[in-house]
Amino acid sequence: MLGALFALLLTAQAAPADDRDTDPVEPDFTVITLPTTLRLPEHALAFRVTHRFARGLGEGDFGDLAADFFGFDGGAQIGLELRFSPLGGSQLGIYRTSDRTISFFAQQELLRQGDWPLGLAVAASVEGLDNFSETRSPRVALVASRRLGGRAAVYVVPAWIGNVRPITDPGPGDDASVVLGLGARVRLGEAFALLGEVHPRVAGYKGHRNSTALASFALERRVGGHAFQINVSNDLGTTPAQVARGRTGLDDWFIGFNISRKFY
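As the structure is a computational prediction, the values presented were derived from the model and not from experiment.

Engineer: What am I meant to see in the layout of surface pockets here?
Structural biologist: It is the rolling of a water-molecule-sized probe over the atoms that shows where space remains empty. Roughly 300 Å³ of volume is contained in the largest pocket. Taken together, 15 residues make up the lining of the largest pocket; nearest its centre are Asp99, Gln242, Arg245, Gly246 and Arg247. Class assignment for the residues of the lining of the largest pocket results in three nonpolar, eight polar and four charged. When its volume is computed, the second largest pocket comes out at roughly 230 Å³. The wall of the second largest pocket is formed by 23 residues, among which Asp19, Asp21, Asp23, Leu38 and Arg39 lie closest to the centre. Mapped by element, the contributors of at least two residues to the lining of the second largest pocket are strand S4 (102-111) and strand S6 (134-148). Residue classes in the lining of the second largest pocket are distributed as five nonpolar, seven polar and eleven charged.

Encoded structure:
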């Protein structure tokens with residue numbers, strides 16, 4: 001089995017020659033929250049909705065959870081994202097969550113797997129609280145991807161995120177974090193995939209005391225230009241600074257979903 005896994009890691013899978021062709025190994029611009037190296041065709045648009053139910057799955061007993069329809073009856077944090085490609089290999093976008101965080105982002109492809117053994121892009125963003133009027137947090141990230149044959153893809157995304165220490169955690173120390181995002185997508189047949197990612201904070205601000213790194217798992221169904229994903233995460237954060245800040249010692253999991261649509 002180890003030999004087969006090693007052979008798979010060495011197997012190169014080139015991206016489709018035409019950006020408008022569906023890529024079954026890397027069909028979307030994110031894993032769950034982690035960016036991928038998928039190219040957006042020139043002058044094309046893509047839209048995404050993120051939804052995280054705020055009720056923890058561990059609150060109360062099973063009867064309480066079932067009475068709340070497994071968290072669906074509670075409040076939620078919702079995000080809306082629109083991205084556009086002004087040039088081939090470039091992306092610009094805006095993302096806003098219902099807690100009034102706004103993020104402006106850009107991504108530029110550097111290498112493409114096929115001509116090279118991996119895909120590589122550089123990403124940058126800046127987000128601000130209260131409709132971008134407070135606590136602006138810049139981010140610079142390197143997005144590396146590797147397709148494993150025609151069945152899977154893995155991602156390594158080191159990122160520096162500035163100004164992430166919240167006002168509820170005052171005191172001396174770093175105000176920036178270095179986060180190492182790790183993700184994978186494994187195809188299950190033609191339309192389904194299993195996804196997972198984790199975001200350990202390796203340097204700088206490590207979040208509130210007892211705060212753990214964001215981890216998420218998902219099942220995804222793709223239909224044409226649509227992708228629907230049911231996910232479970234140990235945090236509600238969906239922006240880089242939210243991921244770096246973490247939560248205040250809450251040890252729970254939250255159900256959510258992502259819906260994405262490509263307009264090309």
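Engineer: Can you help me understand empty space enclosed by the protein in this one?
Structural biologist: Summed over the entire model, instances satisfying the criterion amount to seven cavities of 30 Å³ or more. Looking at the largest cavity, its volume works out to about 360 Å³. What lines the largest cavity is a set of 26 residues, among which Thr33, Pro35, Arg139, Thr238 and Pro240 lie closest to the centre. Put simply, the parts of the chain that give the lining of the largest cavity at least two residues each are strand S2 (76-84), S4, strand S5 (119-128), strand S7 (152-161), strand S8 (177-188) and helix H4 (240-245). Here the lining of the largest cavity takes four residues from S4, the largest share from any one element. Per-class residue counts for the lining of the largest cavity are 13 nonpolar, nine polar and four charged.

Engineer: I keep staring at the pattern of salt bridges and nothing clicks. Help me out?
Structural biologist: For side chains bearing opposite charge, pairing can occur when the charged atoms are close. Counting across every chain of the model gives twelve salt bridges. When the shortest N-O distance is used, the salt bridge between Arg165 and Asp169 registers 3.6 Å. Just as Arg165 is buried, Asp169 falls in that class too. Residues joined by salt bridges that share partners form a network here, namely Asp19, Arg39, Glu109 and Arg112.

Engineer: What is the right way to read the packing of aromatic side chains from this model?
Structural biologist: A ring pair, where both rings are aromatic, is described by two values, the distance of the centres and the angle of the planes. Taken as a whole and assessed by the stated rule, the structure comprises four aromatic pairs. Following the ring pairs from residue to residue traces out a cluster consisting of Phe53, Phe228 and Phe257. In this arrangement the basic side chain of Arg48 is found over the ring face of Tyr95, its NZ or CZ atom lying 5.5 Å from the centre. In this arrangement the basic side chain of Arg261 is found over the ring face of Phe263, its NZ or CZ atom lying 5.3 Å from the centre.

Cut-offs used in this document
- Residues numbered from 1 in each chain as written.
- Predicted model: local features only at pLDDT ≥ 70, side-chain atom pairs only at ≥ 80, totals over all residues.
- Heavy atoms only, no water.
- 1 Å grid on protein atoms, 1.4 Å probe; cavity = no way out; pocket = protein on both sides within 12 Å on 5 of 7 lines; lining within 4 Å.
- Points joined across faces, edges and corners; volume = space filled by probe spheres on them.
- Nonpolar A, V, L, I, M, F, W, Y, C, P; charged D, E, K, R; others polar.
- Helix = DSSP H or I, 4+ residues; strand = E, 2+ residues; numbered from the N terminus.
- Salt bridge = Lys/Arg side-chain N within 4 Å of Asp/Glu carboxyl O.
- Buried < 20%, exposed > 50% of the residue type's maximum accessible area, 1.4 Å probe, protein only.
- Phe/Tyr/Trp six-rings, centres within 6.5 Å; stacked < 30°, edge-to-face > 60°.
- Lys NZ or Arg CZ within 6 Å of the ring centre and 35° of its normal.

Keep in mind these values describe shape, not function.
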